[in-house]
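Letter by letter, the chains look like this.
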Amino acid sequence: MAAPDPHQAADPQAVKRHPTLFRAVRKRRNPKLRRTDITVTDDAAVKRAVKAASLGNAMEWFDFGIYSYLAVTIGHVFFPSGNDTTQLLSSFATFAVAFLVRPLGGMFFGPMGDKVGRKKVLALTMILMAVGTFAIGLIPSHETIGVWAAVLLIFFRMLQGFSTGGEYGGASTFIAEYAPDKRRGFFGSFLEFGTLAGYVGAAGLVTALYALLNDAQMEAWGWRIPFLVAGPLGLVGLYLRLRLDETPAFQKLEGGTAHASEAADGVESTAKGDLAKIFRQYWPTLILCICLVGAYNITDYMLLSYMPTYLSDELGYSETHGLLILLAVMVFLMAIISQVGKLSDRFGRKPLLMTGMLGFLFLSLPAFLLIRIDGILPITVGMLMLGLSLVCMLGTMSAALPALFPTNVRYGSLSVGYNLSASIFGGTTPLVITALISWTGSNLMPAYYAMAAALIGVIAVACMKETAQQPLIGSPPSVETDEEAAELVQAQAPEPKF
């Protein structure tokens, strides 16, 4: 908690009698920044950090994407009940299992990232995800080993989920702490560019397999190919992450090369990753984070993970048809997401996030009504309406969320908040929507579910503080050039009196 203003704490008459004394106290509590307090970023290092974090994130979501896009086939291979809806629910339940263990991963990896560093933990999560995904590709079918096939599938899905618990919080923290304050939205948007790239790679590969192989071949061996590809991709991501230096903000905590003097009064000086401290001291911000991420994740997974299944299983389109349309929409979102990040730097995080939430609140129902119309054009227009709403959040959230928490607990707090929300709301989205459609008989349930999530999101965005172009809490300012640093110092100089 910041120290109280001495003018507010003291008797006004005393302030008038001893102005010099109270001015000295105020300066002591709010010292001016020195040039050495300000981090001047290395453009090449920032770009390397963004590339490694984004590529690693792309590989994580490639791994998750292939499972969701192969949900129907996986249901046939591992859960042969004879009832298509039961198979699909079983497959999505296994998809959701990975999200149920994500909070445990967040609670394990998050505080570890605040203690030993962002880089080491991100390398470890990369290894575990690659191992889990590669192993799924090797599991024998239910026909071969019976119920043990489903048991092994659930185990390795849990390993995937556990590793992902440390991924988003770490990757977004990594980029946020490297990026200059005025361009954090732009650089942060590349993390979600990586997410879209992972989904595009997964959708592209699965679409090609569905086009080249018949159903019998897909169920016999074709579904394994995307999972086996994840092994080599994981090694590439690991190599890129191990080549990076630790973030300047974390080096400051550890007394490393990013030095700052006592003038940076708000900067924390310890790297304790304490879960109890997170829940005890930061619970209001944690709740805000959970609400933001919940609204974001429900809409995200509804469009990027569940939509192909919705088109094929509920509306009767072929798997290839739905995936190709989604693929085109995601490529379009990739093309514009960095521009959304720039807009969030210029106009603020809140306006962009609010635009996305309101888009889902008011456009979800019209979009799904269009999607139900037979024809490529109405389906594409409907999905674009949802996609443009989503990209406002995709291009902004990875810069907005890390700025909610101070440096010494940023990785841990964000990992806990993000993964609790992703577990409760995100990963269960396909399962909940499928169950709601089965229960109500209405194909418009995805729209109603997204609208309810967006309403919560609107309230959460209204409650958050604007953080664009401001230093991260607990860190000194971060700028691109020495000239900017000099201007910041000069701006604090007193006006000359004549």
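What counts and what doesn't
Residues numbered from 1 in each chain as written. Predicted model: local features only at pLDDT ≥ 70, side-chain atom pairs only at ≥ 80, totals over all residues. Heavy atoms only, no water. Helix = DSSP H or I, 4+ residues; strand = E, 2+ residues; numbered from the N terminus. Buried < 20%, exposed > 50% of the residue type's maximum accessible area, 1.4 Å probe, protein only. Contact = heavy atoms within 4.5 Å. Areas by Shrake-Rupley, 256 points an atom, 1.4 Å probe, with all protein chains shown as cover. Axes fitted to C-alpha atoms, helices over the stretch in contact; angles between N-to-C directions. Left-handed = near helix turned anticlockwise from the far one by under 90°. Nonpolar A, V, L, I, M, F, W, Y, C, P; charged D, E, K, R; others polar. Patch = residues over 30% accessible without salt bridge, like charges linked within 9 Å, V, L, I, M, F, W, Y side chains within 5 Å. Salt bridge = Lys/Arg side-chain N within 4 Å of Asp/Glu carboxyl O. Expected span 1.5 Å × (residues − 1). Bend = angle between axes of the 7 residues up to and from the residue. Core = buried A, V, L, I, M, F, W, Y, C linked by side-chain atoms within 4.5 Å. Phe/Tyr/Trp six-rings, centres within 6.5 Å; stacked < 30°, edge-to-face > 60°. pLDDT = per-residue confidence, 0-100. Polar contact = N/O pair within 3.5 Å; in protein donor to acceptor, adjacent residues only side chain to side chain. Disulfide = S-S within 2.5 Å.

1. Some thoughts on the overall build of the chain
No. 1: Looking only at helices and strands, the chain has 24 helices and two strands in total.
No. 2: Looking at the chain residue by residue over its 498 residues, the buried ones come to 57%.
No. 3: The long-range fraction of contacts in the chain, counting pairs at least 24 apart against all pairs at least 6 apart in sequence, stands at 84%.
No. 4: Split by element, the accessible area of the chain, about 20,300 Å² in all, is 65% carbon and sulfur.

2. Overview of the packing of helix H17 (residues 283-314) against helix H20 (residues 376-400)
No. 1: Remark: H17 packs on H20, axes separated minimally by 10 Å, with the N-to-C direction vectors making an angle of 145°. Handedness of the crossing formed by H17 with H20: left-handed. Only Ile 379, Met 383, Leu 386, Gly 387, Leu 390, Met 393, Leu 394 and Met 397 of H20 make contact with H17, whose side of the interface consists of Leu 292, Tyr 296, Thr 299, Asp 300, Met 302, Leu 303, Leu 304, Met 307 and Leu 311.
No. 2: Its residues placed into classes, the contact of H17 with H20 shows 14 nonpolar, two polar and one charged.

3. Structural notes on a nonpolar patch on the surface
No. 1: Residues Ile 145, Val 147, Trp 148, Val 151 and Leu 152 make up a contiguous nonpolar surface patch of about 440 Å² in total accessible area.
No. 2: With four residues, helix H10 (residues 147-164) is the largest single contributor of residues to the nonpolar patch.
No. 3: Structurally, the position occupied by Val 151 is in helix H10.

4. Remarks on unusual backbone geometry
No. 1: Positive phi, normally seen in glycine, also occurs at Gln 469, with a value near 65°.
No. 2: Note that Gln 469 resides in the loop between helix H23 (445-463) and strand E2 (478-479).
No. 3: Of the residues examined, Gln 469 reaches a relative accessible area of 40% and is grouped as partly exposed.

5. As for helix H7 (residues 102-116)
No. 1: The first and last C-alpha atoms of H7 sit 20 Å apart over 15 residues, in line with the 21 Å expected at 1.5 Å per residue.
No. 2: Turning to H7, its buried residues number three or more, namely Arg 102, Pro 103, Gly 105, Gly 106, Phe 109, Gly 110, Pro 111, Gly 113 and Asp 114.
No. 3: Within two residues after H7, Gly 117 carries a phi angle of roughly 120°, on the positive side.

6. Examining the packing of H7 against helix H8 (residues 118-136)
No. 1: As a packed pair, H7 and H8 sit with axes 7 Å apart at the nearest point and diverge in direction by 140°. Listed contacts from H8 to Phe 109, Met 112, Gly 113, Asp 114 and Val 116 of H7 are Arg 118, Lys 120, Val 121, Leu 124, Thr 125 and Leu 128.

7. Examining H20
Turn by turn, an α-helix covers 3.6 residues, leaving residues three or four places apart pointing in a common direction.
No. 1: Compared with an ideal rise of 1.5 Å per residue, which puts 25 residues at 36 Å, H20 spans 35 Å between its outermost C-alpha atoms and is within 8% of the ideal.
No. 2: When the local axis directions of H20 are compared, the greatest deviation, roughly 25°, occurs at Leu 390.
No. 3: Taken across its 25 residues, H20 has 19 buried, putting it largely inside the fold.

8. Observations concerning the pattern of salt bridges
No. 1: In this structure the tally under the stated criterion is four salt bridges.
No. 2: For Lys 47, the salt bridge goes to Asp 43, with nearest N and O atoms at 3.2 Å. Of this pair, Lys 47 and Asp 43 are both found in helix H4 (residues 43-69), four residues apart, which corresponds to roughly one turn of the helix.
No. 3: Overall, the relative accessible area of 37% leaves Asp 43 in the partly exposed class.

9. Considering the nonpolar core
One broad trend across soluble globular proteins is that nonpolar side chains are buried collectively.
No. 1: Counting residues in hydrophobic clusters, the biggest one holds 120 residues, and the most contacted among them are Met 383 and Leu 401.
No. 2: Broken down by element, the residue count for this core peaks at 16 residues, all from H17.
No. 3: Setting aside its immediate chain neighbours within four residues, Met 383 contacts Leu 303, Met 307, Leu 311, Ile 325, Leu 326, Val 329 and Ile 371.

10. A closer look at the packing of aromatic side chains
No. 1: Under the defined criterion, the tally for this structure stands at 13 aromatic pairs.
No. 2: Ring plane angle 35° and centroid distance 5.6 Å describe the contact between Phe 108 and Phe 162, whose orientation is recorded as tilted. Taken as a pair, Phe 108 in helix H7 and Phe 162 in helix H10 lie far apart in primary sequence, 54 residues in all.
No. 3: Measuring from centroid to centroid gives 5.8 Å for Trp 223 and Phe 227, while their planes differ by 75°, and the two rings are edge-to-face.

11. Brief notes about the environment of Val 131
No. 1: With respect to the secondary-structure elements, Val 131 resides in helix H8.
No. 2: When the C-alpha atoms of Val 131 and Ala 230 are compared, they prove to be 8.4 Å apart, with 99 residues separating the residues in sequence.

12. A closer look at the confidence of the model for the chain
No. 1: Taken residue by residue, the chain gives an average pLDDT of 80. The fraction at 70 or more is 82%.
No. 2: No element of the chain has a lower mean pLDDT than helix H1 (residues 6-9), at 46, and none a higher one than helix H19 (residues 349-371), at 95.
No. 3: Here residues 1-8 is modelled with pLDDT under 50, and outside its nearest four sequence neighbours on either side it reaches eight contacts, counting other chains as well.
No. 4: In the predicted structure, residues 256-273 sits below a pLDDT of 50 and forms 45 contacts with residues beyond four places in sequence or in another chain.

13. What about the side chain of Thr 173?
No. 1: Structurally, the position occupied by Thr 173 is in helix H11 (residues 167-178).
No. 2: Judged by its relative accessible area of 0%, Thr 173 is buried.
No. 3: Here Gly 169 takes part through its backbone oxygen, which lies 2.7 Å from a polar atom of the side chain of Thr 173.
No. 4: Beyond its immediate stretch of four places on either side in the chain, Thr 173 contacts Arg 118, Pro 402, Arg 410, Tyr 411 and Leu 414.

14. As for the state of the cysteines
No. 1: Under the criterion given, the structure shown has zero disulfides.
No. 2: Lacking any disulfide linkage, Cys 463 is separated from the closest cysteine sulfur, that of Cys 291, by 8.4 Å.

15. Structural notes on the environment of Pro 308
No. 1: Counting through the fold element by element, Pro 308 comes out in helix H17.
No. 2: Once residues within four sequence positions are removed from consideration, Pro 308 is found in contact with Tyr 69, Leu 303, Leu 323 and Leu 326.

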